[in-house]
Amino acid sequence: MITRYALFEGKVRDGQAEAFRTAVMETILPKWKQFPGALDVRVTFAEARDEGAPEFPMILAVNYPDMAAVEKALASPVRTEARAATEAVLSRFFEGRIHHHVTLAHEFQL
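Residues numbered from 1 in each chain as written. Predicted model: local features only at pLDDT ≥ 70, side-chain atom pairs only at ≥ 80, totals over all residues. Heavy atoms only, no water.

*Asks:* How should the overall build of the protein be read in this particular structure?
*Replies:* Within the protein, the secondary structure is distributed over three helices and four strands. Burial status across the protein gives 34% buried among its 110 residues. Sequence-distant contacts in the protein: of pairs separated by 6 or more residues, those separated by 24 or more amount to 79%. For the protein, the exposed surface amounts to about 6800 Å²; the carbon and sulfur share of it is 53%. (Helix = DSSP H or I, 4+ residues; strand = E, 2+ residues; numbered from the N terminus. Buried < 20%, exposed > 50% of the residue type's maximum accessible area, 1.4 Å probe, protein only. Contact = heavy atoms within 4.5 Å. Areas by Shrake-Rupley, 256 points an atom, 1.4 Å probe, with all protein chains shown as cover.)

*Asks:* Explanation requested: the pairing of strand 2 (residues 40-45) in the structure shown.
*Replies:* Where a strand is regular, its side chains alternate between the two sheet faces. Burial along strand 2 is one-sided: the face carrying V41, V43 and F45 is buried and the face carrying D40, R42 and T44 is not. Here strand 2 pairs with strand 3 (residues 58-64) via six bridges, running antiparallel. By the bridge assignment for strand 3, V43 is matched with L60. (Pairing = 2+ DSSP bridges.)

*Asks:* Which parts of the structure should I look at to understand the pairing of strand 1 (residues 2-12)?
*Replies:* Relative to strand 3, strand 1 runs antiparallel, the two sharing seven bridges. Within strand 3, the residue paired with R4 across the bridge is V62. In this sheet, strand 4 (residues 94-104) lies alongside strand 1 in antiparallel orientation, the contact comprising eleven bridges. Following the sheet pairing, K11 is matched in strand 4 by E95.

*Asks:* Help me understand helix 3 (residues 77-93) in this model?
*Replies:* Between its first and last C-alpha atoms helix 3 spans 25 Å; for 17 residues at 1.5 Å apiece the expected length is 24 Å, and the two agree. Looking at the buried positions of helix 3, the neighbouring elements they touch are strand 1, helix 1 (17-32) and strand 4. Regarding helix 3, its N-cap is S76, as a side-chain oxygen of that residue lies 3.0 Å from the backbone nitrogen of V78 further along. (Expected span 1.5 Å × (residues − 1). Polar contact = N/O pair within 3.5 Å; in protein donor to acceptor, adjacent residues only side chain to side chain.)

*Asks:* Could you clarify how one ought to interpret the nonpolar core in this entry?
*Replies:* Counting residues in each nonpolar core, the largest one holds 27 residues, and the members touching the most others are F20, W32 and L60. Counting only elements with at least two residues in this core, the list comes to strand 1, helix 1, strand 2, strand 3, helix 2 (67-75) and helix 3. The element that contributes the greatest number of residues to this core is helix 1, accounting for six residues. Excluding anything up to four places from it in sequence, L60 contacts R4, Y5, A6, F8, L29, W32, V41, R42 and V43. (Core = buried A, V, L, I, M, F, W, Y, C linked by side-chain atoms within 4.5 Å.)

Keep in mind that these numbers describe shape and distance, not what the molecule does.
Shown next as structure tokens:
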């Protein structure tokens, strides 16, 4: 299995945390759940971090069965729609950047 993570590093604008969460759940998440081949799509909202530590207020993770499914999803027009929805929400509520990370499940097998 392959997981693609989007790590949202930065912060939600002051006083906008609840509106941000609502927009993510109602706007961003449904778009990413439409990705072809995705087994699971989930979002995690991080808790407060220690002073000076990097902030990741949100982590978006999408699981795929294999690289072929990932490539199909990335080539899909659904990706364009999901990115546009994500960018619209971020421009209203978020200050920071996104890191993308890919994890292959076999890396963690013993």
